[in-house]
Amino acid sequence: MIAKFKKTVFAVVLLCLMSMNVAMAANEEVATVEGMQGISPPKETVVTVNGTYSANYGKNSIDGKLGTLWNSGATKGTIQYVFPEELSLNFIQVAAYSNPKSNNYYTVYGLKDGKWILVSPKVGRYVNATVTITEPVAITPGVYEGIKVEVDGAASWAHINELTIGVVEMMNPNIIDLKATPGNTQVGLNWGAIDGAEKYIVRYGTESGKYTETVVATKDENGNFVIPALTNGTTYYFVVTTTINGVETEYSNEAFATPYGEELPNPEPEEPTTPEQPEEPSTNRAIFVVTMTTGLEKEFDLSLKEVNDFIDWYEAKQAGSGKASYAIDKHDNNKGPFKSRKDYILFDRVLTFEVSEY
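What counts, and where the lines are drawn
Residues numbered from 1 in each chain as written. Predicted model: local features only at pLDDT ≥ 70, side-chain atom pairs only at ≥ 80, totals over all residues. Heavy atoms only, no water. Pairing = 2+ DSSP bridges. Helix = DSSP H or I, 4+ residues; strand = E, 2+ residues; numbered from the N terminus. Axes fitted to C-alpha atoms, helices over the stretch in contact; angles between N-to-C directions. Contact = heavy atoms within 4.5 Å. Buried < 20%, exposed > 50% of the residue type's maximum accessible area, 1.4 Å probe, protein only. Phe/Tyr/Trp six-rings, centres within 6.5 Å; stacked < 30°, edge-to-face > 60°. Salt bridge = Lys/Arg side-chain N within 4 Å of Asp/Glu carboxyl O.

Student: Give me the sheet that holds strand 18 (residues 285-292): which residues, what numbers.
Tutor: With respect to topology, three strands assemble into an open sheet ordered 19-18-22, the strand pairing being antiparallel. At either margin of the open sheet sits one strand with a lone partner, and together these are strand 19 (297-303) and strand 22 (350-357). Across this sheet, the average inter-strand angle for adjacent strands is 20°, counted without regard to direction. Examined bridge by bridge, strand 18 and strand 19 share seven bridges and lie antiparallel to one another. Along strand 19, the bridge assignment pairs Thr291 with Glu297. Against the sheet, helix 2 (residues 304-318) makes contact with strand 18, strand 19 and strand 22, and its axis sits at roughly 120° relative to strand 19, the strand it touches most.

Student: Requested: an account of the side chain of Arg203, with residues and values cited.
Tutor: Structurally, Arg203 is set in strand 12 (residues 199-205). Arg203 sits in the buried class, given a relative accessible area of 13%. Setting aside residues no more than four positions away along its own chain, Arg203 makes contact with Tyr211, Glu213, Thr214, Tyr237, Phe238, Val239, Thr241, Glu248 and Tyr251.

Student: So, the packing of aromatic side chains: which residues are in play, and what are the values?
Tutor: Tallied over the full model, the rule gives 12 aromatic pairs. Ring centres of Trp191 and Phe225 lie 6.3 Å apart, and the angle between their planes is 65°; this geometry places the pair in the edge-to-face category. With Trp191 in the loop between strand 11 (186-190) and strand 12 and Phe225 in strand 14 (residues 225-227), the pair connects residues that are 34 residues apart, well separated along the chain. In this structure, Trp191 and Phe225 share a single accessibility class: buried. Here the aromatic residues Phe288, Phe310, Trp313, Tyr314 and Tyr326 are joined through ring pairs into a cluster of three or more.

Student: Please set out the pattern of salt bridges residue by residue, giving values where relevant.
Tutor: Throughout the structure, instances matching the rule amount to six salt bridges. Of the charged contacts, one joins Asp152 and Lys122 as a salt bridge, the two residues approaching to 3.3 Å between their closest N and O atoms. Here Asp152 is found in strand 7 (residues 137-152), whereas its partner Lys122 is found in strand 5 (residues 115-127), with 30 residues between them in sequence. What makes Asp152 buried here is its relative accessible area of 15%. Put simply, Glu207 and Lys210 hold a salt bridge, and the shortest N to O gap is 3.7 Å. Note on Lys210: relative accessible area 51%, which makes it exposed.

Spelled out as structure tokens, the structure:
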């Protein structure tokens, strides 16, 4: 099970040309603990506990030192960590000791939209009388504003010497080659497979841009997924998304088709009318194309102020100040039932960026 949890560094990146020395300096901003998987929560993380014994404060559990600790002063305790920015997580790992040696128990919650939700049931980890790096605790993969851990020390005081988190890339590969083929009371859909896809979600309706029906396809059904029981002569419009590590991607391109009866020829569907868009300003905007160290390219339509704000953040971080990550608002590219969508950029993964003003 441990092999499944690789040490990863949070990477959702915008791009700027960096020398080797700059890249090495940036990597130092991501704190790790020797012998533990994942990384330490960001320095700006707010730590809250239900109790403290002596000078064993909550912040000691993420200071990178196995010799310091948080101690609740009781056999049970709760500690929560609220991050400065949302993080995409899939596990936590705890270092602790127990006197006498015994099982300690951990229940993990994730903070999502301001509410704590259970992301791992109560699990036991055997702890020796000396500091023990326990096996990682898998949590429901997802994007969280923070985590909370309920600790049951059983025969020992509830405490944590050190806690690390498994941060995964929040890459957002979109399906861009959706095709629709009409048939008798049905439409066949084909799209390109996405690596790491857990499932595909098909949305469709009879108006362009308005999808009233939803169907779930497995990760292997991208080749010819049939939508049955449609009305012949009616044009249907389709989009597809996928989920990776529990996070849903943006909508694919829209495809459309008109089912037909056996007595009718295969009609050419009319081009959907493009919804009227608000007039875009003719100046002070740019297409911001980002290339990450992984080779992934991301494109954003931003105001020049947003572009300059990003550059200011990068230059300040390169000089040694500021947060390790930067959030890019996706604005009109925000599709679906979400209030907002942001891409988070980690300083040490930035490679290049291109600004095309229009």
